[in-house]
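Residue strings, one per chain:
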Amino acid sequence: MTTKSQRQQRNKGQEVVHEESILTEAKLTPQPDSPALPAEWENLRAALMAELTNTLSTLISSALEKALAPISASLSSIRQLADSQNQRLTDLESALSSYSDRIVSMEESLSQLQTENKRLIDKVDDLENRSRRSNMRIIGLPEGVEGSDARGFVADLLPKILGQECVPTPPVLDRAHRIGRSDDARSKSRAMIVRFHYFQDKEKVLRRSRELADQLTFQGRKISFFSDFSTHIIQKRAGFKQVKSRLYERGLKFGVQYPARLWVLLDNKRHFFDKPQEAQGFKVAEQVGFSVNASPESQYSLT
């Protein structure tokens, strides 16, 4: 038989085993993290989160708008300025295109006008020189020697200085007079211009004057005869003055054709030059003594 104390010990052991088994089951069974909230609380939490989100979003948007307002205004001003500049550039491009077309048209018109103007100038100059074909200039006559009848004086003078074989009778002259203001006579005598009634008489007088050249004198003064040309032709012919002086010094035969074309006779052949620069670079044979420069390139040159 068991004693009472043994039964008590056995009961305590069973209670201990039972408690350990309960603890073991509790460890093996998963426990929830937190107890589930009631539905009312869950709805309240969701409403609070939504309201908080909206409030924060509003505050942030307001702060950003306030902070970016100056920048936005500046960007807007820059955008307006850029649009204005773009419009002005567009207008300028359009205007420049129009002006460019007008300039091209004006240049074409100007070119045509220049061509036409040159043609008209040449035509007027030609007409002027044709009207002067019967005119002749006399250089070197003392001032006042003609008296009050210049035409009669020249008509009587020509047979005396040119000879009866050239001018057997006094030529018919339409008029004769001095050129320039009388005040100029203080320094030198003025040229006299003579208009012949017959062109052939003028040509005979000029040919004879070229033959006599330095022998033509009046009262101990040398006189010269020249054709009368327009100012434009005179200026063009004056460009050959230096070249003609060199040709004269070297004894070469030369002349100037109308309107302003120099010719030089060399080896029985005429060489023609329309510009003084062409004549200055002209080279001739060594035997005529043109070797005025030492370099091979410029030897025998007129320059």
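Before reading further, recall that the structure is shown in the block above.
For the structure given in this document, a descriptive report is provided here. Predicted, not measured: the structure shown is a model, and the values here were computed from it.

Turning next to the sheet that holds strand β7 (residues 253–257). Taking strand neighbours across the sheet as the criterion, the three strands line up as β7-β8-β9 in an open arrangement whose pairing is antiparallel. Each edge of the sheet is formed by a strand with only one pairing partner; in this case those strands are β7 and β9 (269–273). Across the sheet, the mean angle from the axis of one strand to that of its neighbour is 25 degrees, orientation sign disregarded. Sheet topology places strand β8 (residues 261–266) next to β9; five bridges connect them, and they run antiparallel.

On to the nonpolar core. Judged by nonpolar contacts, the single largest core of 25 residues is most densely connected at I138, L141, V154, L162, V194, V205 and F225. Contributions of two or more residues to this core are made by β1 (135–139), α3 (150–162), β2 (173–178), β3 (192–196) and α4 (199–212). Ranked by the residues each element gives to this core, the list is headed by α3, at eight residues. With near-sequence residues (within four places) excluded, I138 lies in contact with V154, A191, M192, V194, S224 and F225. Judged by nonpolar contacts, the second largest core, of eight residues, contains F240, L247, L252 and F273.

In this section: the sheet that holds β1. In space, the four strands of this open sheet follow the order β2-β3-β1-β6, with antiparallel pairing throughout. Of all strands in the sheet, those with a lone pairing partner are β2 and β6 (224–227), marking the two edges. Between one strand and the next, the sheet's axes are offset by a mean angle of 20 degrees, whatever the strand orientation. Sheet strands in contact with α3 are β1, β2, β3 and β6, and its direction is about 100 degrees off that of β2. Sheet strands touched by α4: β1, β3 and β6. Its angle to β6, the strand with the most contacts, is close to 135 degrees.

Calculation notes
- Residues numbered from 1 in each chain as written.
- Predicted model: local features only at pLDDT ≥ 70, side-chain atom pairs only at ≥ 80, totals over all residues.
- Heavy atoms only, no water.
- Pairing = 2+ DSSP bridges.
- Helix = DSSP H or I, 4+ residues; strand = E, 2+ residues; numbered from the N terminus.
- Axes fitted to C-alpha atoms, helices over the stretch in contact; angles between N-to-C directions.
- Core = buried A, V, L, I, M, F, W, Y, C linked by side-chain atoms within 4.5 Å.
- Buried < 20%, exposed > 50% of the residue type's maximum accessible area, 1.4 Å probe, protein only.
- Contact = heavy atoms within 4.5 Å.

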